[in-house]
Amino acid sequence: MSVTLKLYNTLNREKTAFQPIDADNVRMYVCGPTVYDFAHIGNARPAIVFDVLFRLLRHVYGDSHVTYARNITDVDDKINARALRDFPHLPLNDAIHAVTEKTAKQFHADVAALGCLEPTVEPRATDNIEQMVAIIEKLIGNGHAYVAEGEVLFDTRSMTDYGQLSKRPLDEQQAGIRIAVDAHKKNPGDFVLWKLSSDNEPGWESPWGRGRPGWHIECSAMSNRYLGEVFDIHGGGLDLIFPHHENEIAQSRCAHGTEVMANVWMHNGFVQVEGRKMSKSDGNFVTVNQLLATQDFGGRQWPGEILRLAMLMTHYREPIDFSIKRLEEAERLLAKWPAADASDTAPCPIIIDALADDLNTVAAVQRLHALAQEANADATLLPMFAASATLLGVLPEKTEVDEALAGAVDALVAMRLEMLKAKNFAEADRIRDELSAKGIQLKDGKDAATGERMTTWEVKR
Ligand SMILES: [Zn+2]
């Protein structure tokens with residue numbers, strides 16, 4: 001394997017060579033959405049960033065040697081609130097189901113439009129309650145958790161190196177926490193593993209009564225079930241480092257007695273909109289659906305490939321300023337790229353090297369743009385362009401052409417090639433013009449294998 005992958009690891013704040021635990025099964029976990037509302041572009045960023053990493057890992061280790069788990073959090077107090085608001089006439093469980101199904105479906109449509117592959121597994125929290133209860137029982141058994149006032153809490157002081165990821169000393173973490181509401185906690189930083197549910201809240205039977213899990217334990221349970229006690233890469237947005245990822249680490253390491261939960265922790269930077277922090281009250285809160293399907297942003301719709309490319313034009317660890325200007329810039333690039341069919345050809349090595357250097361998508365996009373221009377001039381480069389664009393998930397799709405039209409065009413293209421061979425240039429040009437008038441663009445080149453003249457065509461965009 002000639003590609004050396006280097007990744008920046010939040011655990012030690014260093015970029016180091018990536019060594020999978022098992023090259024036959026490289027395992028990555030990324031925190032997925034809590035399904036109560038439309039995904040905003042801050043949610044879209046990790047979906048896109050880790051999709052590029054997933055594609056790169058598949059390229060390096062083989063498609064069937066990478067397991068990517070991205071969960072769906074379908075139990076959360078925000079979901080309950082939304083269910084009561086939107087479906088007041090339904091029994092609570094049905095209302096919750098209606099909210100989570102509708103939102104999960106919308107999320108899948110959004111990420112598909114953004115060109116993201118489906119993860120290998122997409123576990124739902126509510127299908128993994130048993131696993132959560134088992135981990136909590138373990139943590140109580142080995143002295144890392146305790147029961148107080150209807151809650152099971154993780155005892156942060158029981159773990160000597162709590163704070164490994166965020167590097168926040170425990171005292172500093174606790175300084176900002178309001179003590180008054182947390183009188184039942186041994187330490188102010190202790191967090192909920194399980195809490196009791198009232199009759200109008202969703203709940204599952206447990207040794208501590210009918211209740212529901214805290215958020216952090218969900219990811220510890222699902223990653224353990226699908227990826228094991230220690231796995232390769234854990235990803236998410238920068239805002240998840242503390243407390244969410246810190247607490248995932250605490251739970252998993254204390255339950256399994258391991259040195260780490262995942263070897264590499266990767267975090268994407270923040271997303272701003274038009275230079276300002278996204279906020280609903282400021283009116284600059286932008287959902288993926290709004291961009292794709294409404295004219296709320298810049299007075300027009302934005303196709304998914306533009307949104308994706310705009311994201312990849314900034315390195316994943318840098319903050320992004322999401323703006324109309326940036327989207328227009330991405331659109332200008334895409335307009336100059338040829339449409340091509342996906343190809344089994346090897347992607348451009350410069351692009352692989354750029355991505356292998358901690359996902360340098362900025363350099364990769366630059367090179368892809370240059371390659372697009374080269375392929376526009378020389379059709380034999382189209383397969384390499386297509387393979388490289390696929391690696392980034394930004395291959396412009398050929399416009400759908402119905403079979404009858406495609407057959408007619410193929411026949412005219414073949415006839416034109418005959419005319420060119422016979423040096424009947426006038427007739428060849430006439431056919432080219434006739435096709436052009438129908439919106440068909442021809443590209444002449446040479447077949448890479450045989451060296452023979454060949455012509456490809458596409459519908460002008
Ligand atoms: Zn998580």
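Rules and cut-offs
Residues numbered from 1 in each chain as written. Predicted model: local features only at pLDDT ≥ 70, side-chain atom pairs only at ≥ 80, totals over all residues. Heavy atoms only, no water. UniProt positions renumbered as here; feature names shortened; annotations may be inferred. Helix = DSSP H or I, 4+ residues; strand = E, 2+ residues; numbered from the N terminus. Buried < 20%, exposed > 50% of the residue type's maximum accessible area, 1.4 Å probe, protein only. Contact = heavy atoms within 4.5 Å. Areas by Shrake-Rupley, 256 points an atom, 1.4 Å probe, with all protein chains shown as cover. Donors = N, O, S within 2.8 Å, 3.2 Å for Na, K, Ca; no water. Tetrahedral: all angles 85-135°; square planar, octahedral: opposite > 155°, others 65-115°. Phe/Tyr/Trp six-rings, centres within 6.5 Å; stacked < 30°, edge-to-face > 60°. Lys NZ or Arg CZ within 6 Å of the ring centre and 35° of its normal. Salt bridge = Lys/Arg side-chain N within 4 Å of Asp/Glu carboxyl O. Pairing = 2+ DSSP bridges. Axes fitted to C-alpha atoms, helices over the stretch in contact; angles between N-to-C directions. Parallel < 35°, antiparallel > 145°, perpendicular 65-115°, else oblique. Left-handed = near helix turned anticlockwise from the far one by under 90°. Nonpolar A, V, L, I, M, F, W, Y, C, P; charged D, E, K, R; others polar.

An unreviewed UniProt entry annotates the protein chain as Cysteine--tRNA ligase of Neorhizobium huautlense. The heading Catalytic activity (unreviewed entry) in the UniProt record of the protein chain holds the text "tRNA(Cys) + L-cysteine + ATP = L-cysteinyl-tRNA(Cys) + AMP + diphosphate". Quoted verbatim from the Subunit (unreviewed entry) field of UniProt, the annotation for the protein chain is "Monomer."

Caption draft 1: Just the overall build of the protein chain, in detail. Scanning the protein chain from N- to C-terminus turns up 15 helices and 15 strands. Overall, the C-alpha framework of the protein chain stretches about 90 × 55 × 40 Å when taken along its three principal axes. With 461 residues in all, the protein chain has 51% of them scored as buried. Taking all contacts inside the protein chain whose residues are at least 6 apart in sequence as the whole, residues at least 24 apart take part in 72%. Carbon and sulfur atoms make up 51% of the accessible area of the protein chain, which amounts to about 20,900 Å² in all.

Caption draft 2: Molecular detail of the environment of methionine 419. You can see methionine 419 is positioned in helix H14 (residues 403–421). For methionine 419, a relative accessible area of 21% translates into the label partly exposed. The sequence separation of methionine 419 and aspartate 86 amounts to 333 residues, and the corresponding C-alpha distance is 66 Å. The contact partners of methionine 419, leaving out residues within four places of it in the chain, are Asn424, Glu427, Ala428 and Ile431.

Caption draft 3: Geometry of the coordination of the zinc ion. Surrounding the zinc ion are the protein donor atoms Cys31 (SG), Cys219 (SG), His244 (NE2) and Glu248 (OE), which sit 2.0 to 2.2 Å from the metal. In this structure, the zinc ion is surrounded by 4 donor atoms whose angles at the metal cover 79 to 128 degrees, and the resulting shape is irregular. Counting along the primary sequence, the residues that act as donors to the zinc ion give the motif C-x187-C-x24-H-x3-E. Remark: histidine 244 occurs in helix H7 (residues 241–256) and cysteine 31 occurs in the loop between strand E3 (26–30) and helix H1 (41–61); sequence separation between them is 213 residues. For the pair formed by cysteine 31 and histidine 244, the shared burial category is buried.

Caption draft 4: Seen up close, the packing of aromatic side chains. Tallying each qualifying case throughout the model produces 7 aromatic pairs. Directly above the aromatic system of phenylalanine 242 lies the positively charged group of arginine 168, at a separation of 4.0 Å from the ring centroid. Just above the ring of tyrosine 146 sits the side chain of lysine 186; from NZ or CZ to the centre is 4.7 Å.

Caption draft 5: Broad picture of the pattern of salt bridges. All told, the structure shown has 23 salt bridges when counted by the stated rule. For aspartate 358, the salt bridge identified is with arginine 317, shortest N-O distance 3.0 Å. Residue aspartate 358 is found in the loop between helix H11 (349–356) and helix H12 (361–377), and its partner arginine 317 is found in the loop between helix H9 (304–312) and strand E13 (320–322); the two are separated by 41 residues along the sequence. Residue class for aspartate 358 comes out buried when judged on its relative accessible area of 1%. You can call arginine 317 partly exposed: its relative accessible area is 33%. One continuous salt-bridge network, built from bridges that share partners, spans Asp77, Lys195, Glu201 and Arg212.

Caption draft 6: Structural view of the sheet that holds strand E9 (residues 231–237). Reading across the sheet, the 4 strands line up as E4-E3-E9-E10 and stay open at both edges, with parallel pairing between neighbours. Pairing within the sheet leaves two strands with one partner each, and these edge strands are strand E4 (66–70) and strand E10 (262–268). Strand after strand, the sheet turns through a mean of 20 degrees between neighbouring axes, direction not considered. Here E3 runs beside E9; their pairing, made up of 3 bridges, is parallel.

Caption draft 7: Layout of the packing of helix H6 (residues 215–227) against H7. Running from N to C, H6 and H7 cross one another at 55 degrees; their axes reach a closest spacing of 8 Å. Between H6 and H7, the interaxial angle falls into the category oblique. Taken as a pair, H6 and H7 cross one another with a handedness that is right-handed. Every residue of H7 that contacts H6 at Trp215, His216, Ile217, Cys219, Ser220 and Asn224 is listed here: Pro243, His244, Asn247, Glu248, Gln251, Ser252 and His256. Tallied by class, the residues present in the contact of H6 with H7 amount to 4 nonpolar, 8 polar and 1 charged.

Caption draft 8: Looking closely at the packing of H11 against helix H13 (residues 382–392). Axis separation between H11 and H13 bottoms out at 10 Å; the angle between their running directions is 15 degrees. In terms of axis orientation, H11 runs roughly parallel to H13. For H11 against H13, the interelement crossing comes out left-handed. Between H11, through Pro349, Ile351, Ile352 and Leu355, and H13, the contact on the second element is made entirely by Met384, Ser388, Leu391 and Leu392. Tallied by class, the residues present in the contact of H11 with H13 amount to 7 nonpolar, 1 polar and no charged.

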